[in-house]
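Observations on the model geometry
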Amino acid sequence: MSHRHQGLPDAADTRPRAEVERDVWRAGVAAGLGDSRDLPLDSHLHTVRSPDANAMLDAYCALAVERRIPELAITDHVDFDPTMPAYGYASFADRERDVREAAARWADRGLAIRFGVEITYERAFEADIRGWLARHPHDYVIGSVHISEDSPYKASNVARFVAGRSLGEIVAPYFDEVIGAARSGLFDTIGHLDFVKRYLVPHVLPADLAGAPELYEPVLAALVEAGTALEVNASGLRQLPRETYPSAPIVARYRELGGRHVTIGSDAHRTEWFAYGLAQAYGQAASAGFESLAFRRGAERVAVLNPVYGIRPT
Ligand SMILES: [Zn+2]
Ligand SMILES: [Zn+2]
């Protein structure tokens, strides 16, 4: 079937997204993507405290010990738009208690667990997010742009939206919000920088975006100017794009433009997705010249050495 073709997205594959992505994940597991180990940190993980996740925190912890991944950031979703699924879903107190108690339970196994959050950024809610974050401190904060009910990228809207529009016009609504998130200064890192490419398949393929790297320049410049980190998010490797968010050439371009802070996360929502593609993401960061990763443990930004740097060939 089409999805087996060199692991590239196929515009003719019109099965439901979940079905295609299950096959992408399985093919990746067969190719070894599920076997990341001996890496210092996975800084993007969801538990049952996220509406779209079903993983128990302790299950991630057991896998982390087994795979010698000694530090995790739990980053469940918090939304400010009342139409979004994580709006009012889990309280700050419940999320923090889960993570702090797990941290205490697992400390003697050599595992450090940080209390993070992934906030959905929308310009319209920036003031609300700012006020809330000031009152609710976290160890580590990811800001991400997600696809809302009325988004042009929703499955029911996207074909009509892309028709007759240029590639630049197609990605503009998403990238404009990402630029807002970067400039807000609210976030340690921007999650899955070009997540929109998942929703554009099959109308626009990752190869189309790869052919127009200039579309990323204003986004990368905003990150560099604001000092906000770029996340290399491995979840795209098990989703329709079959490549990280963003892809390796964009990570390298960020470095060329003066970007010095990358973070890395698997963005697992299920136990079996834990650390999936993490080694590939570390390798991309190393190839782009990142000797260390950016992270935060509640106070100042810290550097976590990238063990793959200088080892893995480009
Ligand atoms: Zn996200
Ligand atoms: Zn996430």
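Fair warning: this is a prediction, and the values are worked out from it, not measured in the lab.

Reading guide: rules and limits
Residues numbered from 1 in each chain as written. Chains lettered and ligands numbered in written order. Predicted model: local features only at pLDDT ≥ 70, side-chain atom pairs only at ≥ 80, totals over all residues. Heavy atoms only, no water. Helix = DSSP H or I, 4+ residues; strand = E, 2+ residues; numbered from the N terminus. Rg over C-alpha atoms; globule rule 2.2 N^0.38 Å. Buried < 20%, exposed > 50% of the residue type's maximum accessible area, 1.4 Å probe, protein only. Contact = heavy atoms within 4.5 Å. Areas by Shrake-Rupley, 256 points an atom, 1.4 Å probe, with all protein chains shown as cover. Donors = N, O, S within 2.8 Å, 3.2 Å for Na, K, Ca; no water. Core = buried A, V, L, I, M, F, W, Y, C linked by side-chain atoms within 4.5 Å.

Looking at the overall build of the protein chain
Along its length, the protein chain carries eleven helices and ten strands. Taken against the 2.2 N^0.38 rule, which gives 20 Å for 314 residues, the C-alpha radius of gyration of the protein chain at 18 Å falls within 12% of a compact globule. Reported as C-alpha extents along the three principal axes, the dimensions of the protein chain are approximately 55 × 45 × 40 Å. The buried share among the 314 residues of the protein chain stands at 54%. Considering only residue pairs separated by 6 or more positions, the protein chain has 75% of its internal contacts joining residues 24 or more positions apart. In the form shown here, the protein chain has an accessible surface area of approximately 13200 Å², with 52% of it arising from carbon and sulfur atoms.

As for the coordination of the zinc ion (ligand 1)
Each protein donor to the zinc ion (ligand 1) is listed here as E118 (OE), H146 (NE2) and H192 (NE2); together their distances run 2.1 Å. Between the zinc ion (ligand 1) and the zinc ion (ligand 2), both coordinated by E118, there is a metal-metal distance of 3.4 Å. Within this pair, whereas E118 is found in strand 4 (residues 112–120), its partner H146 is found in the loop between strand 5 (140–144) and helix 5 (158–162), the two being separated by 28 residues in sequence. Residue class for E118 comes out buried when judged on its relative accessible area of 0%.

Points about the nonpolar core
Core analysis: the biggest nonpolar cluster contains 89 residues, and I119, I129, Y174, F187, L193, L200 and F274 have the highest contact counts within it. Sorting elements by how many residues they give to this core places helix 6 (residues 167–184) first, with eight residues. If we ignore the near neighbours within four places in the chain, the residues touching I119 are V78, F80, I129, W132, L133, V141, I142, G143, S144 and F187.

Quick look at the environment of V262
Note on placement: V262 falls in strand 8 (residues 262–265). Classification of V262 as buried rests on a relative accessible area of 0%. The sequence separation of V262 and L293 amounts to 31 residues, and the corresponding C-alpha distance is 5.4 Å. Not counting chain neighbours up to four residues away, the residues in contact with V262 comprise L230, V251, Y254, A285, F290, S292, L293 and A294.

Considerations on unusual backbone geometry
Most peptide bonds take the trans form, and the phi angle of most residues other than glycine is negative. Here the residue pair V201 and P202 is connected by a cis peptide bond, since its omega of 5 degrees sits within 30 degrees of zero. Within the fold, P202 resides in the loop between helix 7 (196–200) and helix 8 (206–210). Positive phi outside glycine occurs at R68, with the angle close to 55 degrees. Phi angles above zero are rare outside glycine, and H192 is one such case at about 25 degrees. By the secondary structure assignment, H192 is in the loop between strand 6 (189–190) and helix 7. Assessed through its relative accessible area of 1%, H192 is described here as buried.

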